[in-house]
Amino acid sequence: MPILFKKYFFLLLMIVAVSATAQVNDKEPIQLSKNTLTVGEIFKELEQKAGYSFVYTRLGKQLEKIIGLSSTNTNPEKVLNEIAAQSELKLTRNGKQVAVQLVGKGKIKGKVSTSDGQPAQGVSITVSNSMRGTSTNAEGEFELNGINEGTQTISASYTGLATQQVTVTISSGHTTAIAIVLQEDANTLEEVIVNFGSPKITNKQTEYVARMPLKNLENPQVYSVIGQPILRAQVATDVREALRNATGAVVANFPSGGFSITTRGFATGASSRNGMEMNSGRSTVDLGNVERIEVLKGPSGTLFGADVSSFGGVVNIVTKKPFETNRTEIGYTAGSFNQHRLTADVNTVLNQEKTVLLRLNGVFSRRNSFQNYGFANEYQVAPSLTYKVNNRLNILLDAELTGGRRTLASLNYILPSSGFASTKDIPLEHKANLFNNELDSKTNSTRLFTQISYDIAPNWKSTTLFAYALQNVERNYQPGLTWFSPTEAARDTWVYGPITENVTSIQQNFTGEFSTGLLKHKLLVGANYRTFSTQFQYAYMRDWGYLDTVDISQNKFPDPVTKGMVDANLEVGSGYGSPSYETVGVYASDVISIAERLYTMLSLRLDRYQRKPVGTWEGFKQTSLSPKLGLVYQVIKDQVALFGNYMNGFRNQAPITQPGGSVFMPDPMYAVQTEFGVKIEAAQKKANITLSYYRIAIDNAIRYATDNTAIQDGKQLSTGFEAEVTANPIAGLNIIAGYAYNSNKFTKATDEAVIGKQVASMPKNVGNFWLNYTLQGAVKGLGFGFGGNYSDKAPYFSWSEFVTPAYTLIDATVYYEQTRFRAALKFNNLTNQKYWDLMGNPQMPLNISGNLTLRF
């Protein structure tokens, strides 16, 4: 018995000793080999030096994950905690045996609202102990994918407001819905965001530019964003004046009724709506349904295709979407030259669950020209419906119905025999129009858009898009003026219509995030189908001649051309259907992150283009490859990034009607851009700066001869420098500034006279500036704005010395804004500058407009 007792007594002592030793060793320091080790190396050292054992299967690349240890002289408990914090591993301890598993991933969807239930836009959302973060949209909503399972703390913060925190439990493979309520009400938030400065002016994050969520400092492409804070501060009523805020942009108004801006030496129209093609060549684009405008720089055919982008870039119109709050906004603007504009923006929630949302925007606008003839009477109705089927499936339906009547800018030919050096030399009075209001254009258009978004899995999303655009032109009287001598001009008018144009686009995108070892990927894979067809009728002056000739020296205001005069001298051309086009494209883009500072973009598009035969026009088929390569290195994390890109663009050219009536079918054109520069987001993102140099080369450029005949025989080189600054340096102060230099010349052509000369309608130097400040003191909501635009002289033709002269425009605003209303005055062209657009047409002198907006 004593022997048995002693045996078990000593066994008990050994168990207690071993247990005590294990507890002591867990806290006692051990010496690791170095302070940066992989997970696998740490496991091995803990096994050797502390007696631990690790049980796991299929950890994959997580064993190669590098862990930064706070010290080499540490204890096992601290080491295990540091592994858990820096990896995607879950460690479950049972004494010195540790079970290791991959952490499951979940998703968070949420909404941030003010204390009185209004959506809070622009609020920063972050996850504790994580680099994950985002910001709320206009509806106050946010979404975060790939969040580690377990208990997480979500923070909602905004400069000047109290930070709110919510603790949630994340389950693997599931979506957790949360709601965060700020302490402040909508009135306080409005004062902070609207009246006293908004950091949104510097926020360039968008899912359209790269067709995936990508931050500005991760994206190797340059782009400008013109959002509501600037549109509101400038009392903007026209998309053309809004686009002047884009660096390098100068507006040209087409005689056909559309418009374009200059970007990097090329004409770029507003051809994209929510990332899909929008046909606006002969109709209007109204600001009433515009949330923001994105201007992408450089050939963007890889992701947008040749039908949307030009070699200068893409103008993408982002429309207003429904949100989860009932709100109504009514605005009225009145101004010079009998301007009257009525707008309505009504948002409503259609069910108690707030899963069906409707927003309706409407515009009625009319204005006379500053000239003795000319007007524009237009309307727009734009409904938008969102249906949130469940936490994974969302459907967006929207439409735009636009139409109206207006007079068009004239098509001007300046022959060398006129002796004019610039439009200043034309002896017409600036307010003289030689064509009366009967010669108008009547158009309407219908644009339909559908987006179906489905969350396939955490970090993986499917987006299906459908767009349809129908443009009808009932009639389009297009005046022309040809100057033969210093005092004599010939007048003519072509009549187009009826014209119908149909564009249908279907697009499917898959986006996702995943890791391969130390590399993190953001992947886009997509396909696009597009078809275009048109029916076309036109009439021209009999015998391809002129209507009449006027002598300006005898009469500064000759009798205008009337509809009766034109109709009596028309010869109807044979109506025709232009060839229909079909394009099928597939594309992929992979943004690879290395050590969260180095980003590479590898993109490629394959396009199959087919032009069907019609009449004497032959059919045409072509397969094109369009690569896009980019590199970004963040010298200072999330603040300073160096970037470079190589982008390819191509354009399948539309038929060109030659002066003699024949139709020229150009071959597709190709362009290659190389670019490098720096992007800076400083002072807690209160300043956003982009500096870049680019080179765009084309091998088969189209130019125009002295008789305006199109010829495709040139090599063209466009080089330039751009600088853009957007800033909100102190509360209440917003600044936008931009400068662009462009040299765009033909380096090869059969006509040696055009070699080395600046391409037509492209100014070399362009600048823009805008500043607005809202008072912070006793008079809350009172603000002032001031800015302007500069455009260098621009050659009217590449083959002549005739130019449109340089000009500087100065604008100013004064406004007073509160939660329920806004009143503003806008002064355009304060110095009454006499200037012309790039098509040689006179533009508005000093004009004033006033706006009153009520919110309910």
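The paragraphs below set out a description of the structure included in this document. In this text the structure is predicted, and so the values were computed from the model without any measurement.

Calculation rules
Residues numbered from 1 in each chain as written. Predicted model: local features only at pLDDT ≥ 70, side-chain atom pairs only at ≥ 80, totals over all residues. Heavy atoms only, no water. Helix = DSSP H or I, 4+ residues; strand = E, 2+ residues; numbered from the N terminus. Rg over C-alpha atoms; globule rule 2.2 N^0.38 Å. Buried < 20%, exposed > 50% of the residue type's maximum accessible area, 1.4 Å probe, protein only. Contact = heavy atoms within 4.5 Å. Areas by Shrake-Rupley, 256 points an atom, 1.4 Å probe, with all protein chains shown as cover. Lys, Arg positive; Asp, Glu negative; His and termini not counted. Charge placed at Lys NZ, Arg CZ, Asp CG, Glu CD. Patch = residues over 30% accessible without salt bridge, like charges linked within 9 Å, V, L, I, M, F, W, Y side chains within 5 Å. Salt bridge = Lys/Arg side-chain N within 4 Å of Asp/Glu carboxyl O. Phe/Tyr/Trp six-rings, centres within 6.5 Å; stacked < 30°, edge-to-face > 60°. 1 Å grid on protein atoms, 1.4 Å probe; cavity = no way out; pocket = protein on both sides within 12 Å on 5 of 7 lines; lining within 4 Å. Points joined across faces, edges and corners; volume = space filled by probe spheres on them. Nonpolar A, V, L, I, M, F, W, Y, C, P; charged D, E, K, R; others polar. Pairing = 2+ DSSP bridges. Axes fitted to C-alpha atoms, helices over the stretch in contact; angles between N-to-C directions. Expected span 1.5 Å × (residues − 1). Core = buried A, V, L, I, M, F, W, Y, C linked by side-chain atoms within 4.5 Å.

## Notes on the overall build of the protein chain
- Across its full length, the protein chain carries eight helices and 53 strands.
- Its C-alpha atoms give the protein chain a radius of gyration of 32 Å, within 12% of the compact-globule value 29 Å for 856 residues.
- Seen through its principal axes, the protein chain has C-alpha atoms that stretch 140 × 60 × 45 Å.
- For the protein chain, with 856 residues in total, the buried portion stands at 53%.
- In the protein chain, once contacts between residues fewer than 6 apart in sequence are set aside, the share between residues at least 24 apart is 67%.
- Surface exposure of the protein chain reaches about 35700 Å², of which carbon and sulfur atoms provide 57%.
- If the 81 positive side-chain charges of the protein chain are averaged to one point and the 71 negative ones to another, these points end up 6 Å apart.

## Regarding unusual backbone geometry
- Put simply, Gly497 and Pro498 share a cis peptide bond, and its omega is 0°.
- Within the fold, Pro498 resides in the loop between β31 (488–496) and β32 (499–516).
- In this structure, Asn459 takes a positive phi of about 75° despite not being glycine.
- Residue position: Asn459 is located in the loop between β29 (440–457) and β30 (460–483).
- The backbone phi angle of Glu596 is positive, close to 60°, even though this residue is not glycine.
- Structurally, the position occupied by Glu596 is in the loop between β37 (581–594) and β38 (598–611).

## Brief notes about a nonpolar patch on the surface
- A cluster of nonpolar residues, Ile330, Tyr332, Leu342, Val346, Leu360, Phe364, Tyr379, Val381, Leu401, Leu852, Leu854 and Phe856, forms a patch on the protein surface that exposes about 1000 Å² of accessible area.
- Contributions of two or more residues to the nonpolar patch are made by β23 (327–335), β24 (339–349), β25 (356–368), β26 (375–388) and β53 (847–855).
- For Leu342, a relative accessible area of 45% corresponds to the partly exposed category.

## Focus: the pattern of salt bridges
- Counted under the stated rule, the structure contains 39 salt bridges.
- Where Arg264 meets Glu722, a salt bridge forms, and the shortest distance between an N and an O atom there is 3.1 Å. Separated by 458 residues along the polypeptide, Arg264 in the loop between β17 (259–263) and β18 (266–268) and Glu722 in strand β45 (residues 710–727) bring together distant segments of the chain. Accessibility assignment for this pair places Arg264 and Glu722 in one class, buried.
- As a salt-bridge pair, Lys685 and Glu681 come within 2.7 Å of each other at their nearest N and O atoms.
- Looking at Lys685, the relative accessible area reads 44%, which means it is partly exposed.
- Assessed through its relative accessible area of 9%, Glu681 is described here as buried.

## Re the environment of Phe370
- Examined against the element boundaries, Phe370 turns out to sit in the loop between β25 and β26.
- C-alpha of Phe370 to C-alpha of Leu846: the two residues are 476 residues apart in sequence and 9.7 Å apart in space.

## Some details on the side chain of Gln380
- Take Gln380: it is sitting in strand β26.
- With relative accessibility at 1%, the residue Gln380 sits in the buried group.
- Every residue in contact with Gln380, bar those within four places of it in the chain, is listed here: Asp286, Gly288, Asn289, Asn361, Gly362, Val363, Glu400, Leu401 and Thr402.

## Some words on the packing of aromatic side chains
- Scanning the model with the defined rule gives 19 aromatic pairs in all.
- On the basis of an interplanar angle of 25° and a centroid distance of 6.3 Å, the ring pair of Tyr52 and Phe54 is categorised as stacked.
- The class of Tyr52 is buried, set by a relative accessible area of 4%.
- Ring geometry for Phe420 against Trp483: centres 5.6 Å apart, planes inclined by 65°, an arrangement best described as edge-to-face. Separated by 63 residues along the polypeptide, Phe420 in the loop between β28 (411–414) and β29 and Trp483 in strand β30 bring together distant segments of the chain. Considered together, Phe420 and Trp483 belong to a single accessibility category, that of buried residues.

## Comments concerning empty space enclosed by the protein
- Evaluated as defined, the whole model comprises eight cavities of 30 Å³ or more.
- Its boundaries defined by the atoms lining it, the largest cavity holds a volume of some 120 Å³.
- As for the largest cavity, its lining consists of 18 residues, of which Phe304, Val308, Asn528, Arg530 and Arg605 are closest to the centre.
- Residue assignment for the lining of the largest cavity shows that the elements contributing at least two residues are β20 (276–277), α7 (301–304), β32, β33 (519–535), β37 and β38.
- The residue inventory of the lining of the largest cavity, partitioned by class, reads six nonpolar, six polar and six charged.

## Focus: the sheet that holds strand β7 (residues 97–102)
- Reading across the sheet, the three strands line up as β3-β7-β6 and stay open at both edges, with mixed pairing between neighbours. On the outer flanks of this sheet lie β3 (53–55) and β6 (89–94), each paired with one strand and no other. Strand after strand, the sheet turns through a mean of 25° between neighbouring axes, direction not considered.
- Bridge count between β6 and β7: six bridges; the pairing is antiparallel. Residue pairing across strands places Thr92 opposite Ala99, the latter belonging to β7.
- Sheet contacts for helix α2 (residues 39–50): β3, β6 and β7; angle to β3, the most-contacted strand, approximately 135°.
- Of the strands in this sheet, β3, β6 and β7 are in contact with helix α3 (residues 76–86), which crosses β6 at around 150°.

## Considering the sheet that holds strand β16 (residues 251–253)
- With respect to topology, three strands assemble into an open sheet ordered β16-β17-β18, the strand pairing being antiparallel. The open sheet is flanked by β16 and β18, the only strands paired with a single partner. On average, adjacent strands in this sheet sit at an angle of 35° to one another, irrespective of strand direction.
- Here three bridges tie β16 to β17, and the two strands are oriented antiparallel to one another. Note that in β17 the partner of Asn253 across the bridge is Phe259.

## Here's the deal with α2
- Over its 12 residues, α2 runs 16 Å from end to end, which matches the ideal 16 Å to within 8%, given 1.5 Å per residue.
- When we look at burial in α2, the residues that qualify are Val39, Ile42, Phe43, Glu45, Leu46 and Ala50.
- Residue Gly51 follows α2 closely and has a positive phi angle near 75°.

## Some thoughts on the nonpolar core
- Counting 41 residues, the largest nonpolar core has Ile414, Leu428, Trp483, Val566 and Ile698 as its most contacted members.
- Looking at this core, the elements that each hand over two or more residues are β30, β31, β34 (538–541), β43 (669–682) and β44 (687–704).
- In terms of residues, this core owes the most to one element, β44, which gives five residues.
- Not counting residues within four places of it along the chain, the set of residues in contact with Ile698 comprises Phe266, Phe311, Met669, Tyr670, Ala671, Gly714, Lys715 and Gln716.

## Quick notes on the pairing of strand β39 (residues 620–636)
- With 14 bridges joining them, β38 and β39 adopt antiparallel strand pairing. Opposite Asp607, over in β39, you have Ser624 as the bridge partner.
- The pairing of β39 with strand β40 (residues 640–651) spans eight bridges and is classified as antiparallel. Considered in β40, the bridge of Lys628 is made with Met647.

## With respect to the environment of Ile848
- Structurally, the position occupied by Ile848 is in strand β53.
- With relative accessibility at 34%, the residue Ile848 sits in the partly exposed group.
- With 22 residues separating them along the chain, Ile848 and Lys826 place their C-alpha atoms 5.7 Å apart.
- Discounting chain neighbours no more than four positions away, the residues touching Ile848 are Ala334, Gly335, Ser336, Lys826 and Phe827.

These figures capture arrangement, not role.
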